Amino acid sequence: MRPAFSVVLLTTACGAAQGLLIALVGVELGGRLGWSTAASAGSGFYVVGACAALVLGVAGLAASFFHLGHPERAWRAVAMWRTSWLSRECLCLPVFLGCTGGYGFAHWLGSSYAFVIGVLGVCVSAALFVCTAMIYACLRFLREWASPLTLVNFVALGCASGATLATVCAAWLAPPMAGALAVVASVLTAVAALGRLAMLRRNARLAPKSSLASATGITSPNLRQTSRGFTAQSFNTREFFHGRSAKMLRCVKWGFLGGAFALPLALMGLGADLGGLAAVRVFAAAFTVQYAGLIAERWFFFAEARHPQNLYYGKG
């Protein structure tokens, strides 16, 4: 498939925002349970974290309009909520943004309802993860996506990147908690890496169910396509094939494995041994590198899917 950068930005930015909100509410829950490091977080940590999540979520929402042919008709996307995962995502995302904004505002006011709003936001985040992942996992003809691993990876990658960003906020505003959050972020990153490696291994073993003969209906044993029947590009040849070489795909794969997983893990380990501004910088670098890796990972996720129609048009 041809990756649309707007969708790449939408899914990665919103995923990180959802993971960050979950991390914030998890820290607050820990404080309520009496964990001393979590109890050290003041309202500033929650307000700044919620603002960061809100900015990421709004950026993802704004990006989603760039892959619409008629953005002014975007409101129609919710019309099929009974059967469409995309419509359900369009309904969940504004609710998530509202809960995130309300969570930060309630902490700013010192309201006792902040935690309740946060728990509601976590529930909406979980629903949004499911809706976003199922947009792709429900497409059975795209076998690279039609797997429970798609949902696992969307959730794991979002939670990992959100926890890494929460660690940055903690190193700045609640230093006693930064080490514990770094451990959580590292564990989530490792889990996300295992899930992504499992998906890569599964997809590498997929054998096409169709052939050029079945795609064209010609049963000759020596069938070979030399022309698509036209010289100009069409929607089918533009949108359902990424047009990149196998060498580039391999480079992107190794790039995101290093950027999204290996380097952040190393930086998180380094930052855990530091303090003050140095820790903030190292953790910020970890999030920056990880998010760049996630951009590459999501691009690869879309490019890896082989649309069956490419057999007919002679694409890879």
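See the structure printed just above.
Note that the structure is a prediction, hence the values are computed from the model and not measured.

1. Overview of the overall build of the chain
In terms of helices and strands, the chain carries twelve helices and zero strands. Going residue by residue from the N terminus, the α and β elements of the chain occur as α-α-α-α-α-α-α-α-α-α-α-α. Of the contacts formed within the chain by residues at least 6 apart in sequence, a portion of 79% connects residues at least 24 apart. When the accessible surface of the chain is totalled, it reaches about 15,400 Å², and 68% of it is carbon and sulfur.

2. Some details on the state of the cysteines
This structure, assessed with the given rule, holds zero disulfides. With no disulfide of its own, C51 lies closest to C169 among cysteine sulfurs, the gap being 9.7 Å.

3. So, the packing of aromatic side chains
Per the stated rule, a full pass over the model turns up 13 aromatic pairs. Seen in terms of ring centroids, Y136 and F154 are 5.9 Å apart; in terms of plane orientation they differ by 25 degrees. Their pairing is stacked. Here F154 lies in helix α6 (residues 148-173) and Y136 lies in helix α5 (residues 114-137), a separation of 18 residues in the sequence. For the pair shown, Y136 and F154 are each scored as buried. Through pairs of rings, three or more aromatic residues link up here, namely Y136, W145, F154, F301 and F302. One residue, R88, lies across the ring of W85, its end atom 4.5 Å from the ring centre.

4. So, the nonpolar core
F45, F96, Y136, M177 and F283 are the most contacted members of the largest nonpolar core, which totals 60 residues. Of all the secondary-structure elements, those providing two or more residues to this core are α1 (5-32), α3 (43-64), α4 (85-109), α5, α6, α7 (175-204) and α11 (276-304). In terms of residue count, the dominant contributor to this core is α1 (13 residues). Grouped together as the second largest cluster of nonpolar side chains are 16 residues, A156, A192, F256 and W299 included.

5. A short note on the side chain of S64
Turning to its location among the elements, S64 is positioned in helix α3. Within the structure, the side chain of S64 is placed 2.5 Å from the backbone oxygen of L61, a separation counted as a polar contact.

6. Digging into a nonpolar patch on the surface
A grouping of L29, L33 and W35 is seen on the molecular surface, where their side chains present a nonpolar patch of about 340 Å² in accessible area. As for its placement among the helices and strands, L29 is situated in helix α1.

7. Observations regarding the packing of α1 against α5
At a minimum axis distance of 9 Å, the contact between α1 and α5 shows a crossing angle of 150 degrees. Between α1 and α5, the angle is such that the two are roughly antiparallel. Here α1 and α5 pass one another in a crossing that is left-handed. Two secondary-structure elements touch here, α1 through V7, T11, G15, Q18, G19, L21, I22, V25, E28, L29 and R32 and α5 through F115, G118, V119, G121, V122, S125, L128, F129, T132 and Y136. Looking at the contact of α1 with α5, its residues break down into eleven nonpolar, eight polar and two charged.

8. Some remarks on the pattern of salt bridges
What the rule picks out here adds up to two salt bridges. With a shortest N-O distance of 2.5 Å, R196 and E297 are connected by a salt bridge. Placement of the pair is R196 in helix α7 and E297 in helix α11, with a sequence separation of 101 residues. The class of E297 is buried, set by a relative accessible area of 2%. The structure contains a network of salt bridges with shared partners spanning R196, E297 and R298.

9. Some details on the side chain of S147
Mapped onto the fold, S147 is located in the loop between α5 and α6. S147 sits in the buried class, given a relative accessible area of 7%. At 3.1 Å, the side chain of S147 and the backbone nitrogen of L149 are in polar contact. For S147, the residues in contact, after removing those within four places along its chain, are A137 and R202.

Thresholds applied
Residues numbered from 1 in each chain as written. Predicted model: local features only at pLDDT ≥ 70, side-chain atom pairs only at ≥ 80, totals over all residues. Heavy atoms only, no water. Helix = DSSP H or I, 4+ residues; strand = E, 2+ residues; numbered from the N terminus. Contact = heavy atoms within 4.5 Å. Areas by Shrake-Rupley, 256 points an atom, 1.4 Å probe, with all protein chains shown as cover. Disulfide = S-S within 2.5 Å. Phe/Tyr/Trp six-rings, centres within 6.5 Å; stacked < 30°, edge-to-face > 60°. Buried < 20%, exposed > 50% of the residue type's maximum accessible area, 1.4 Å probe, protein only. Lys NZ or Arg CZ within 6 Å of the ring centre and 35° of its normal. Core = buried A, V, L, I, M, F, W, Y, C linked by side-chain atoms within 4.5 Å. Polar contact = N/O pair within 3.5 Å; in protein donor to acceptor, adjacent residues only side chain to side chain. Patch = residues over 30% accessible without salt bridge, like charges linked within 9 Å, V, L, I, M, F, W, Y side chains within 5 Å. Salt bridge = Lys/Arg side-chain N within 4 Å of Asp/Glu carboxyl O. Axes fitted to C-alpha atoms, helices over the stretch in contact; angles between N-to-C directions. Parallel < 35°, antiparallel > 145°, perpendicular 65-115°, else oblique. Left-handed = near helix turned anticlockwise from the far one by under 90°. Nonpolar A, V, L, I, M, F, W, Y, C, P; charged D, E, K, R; others polar.

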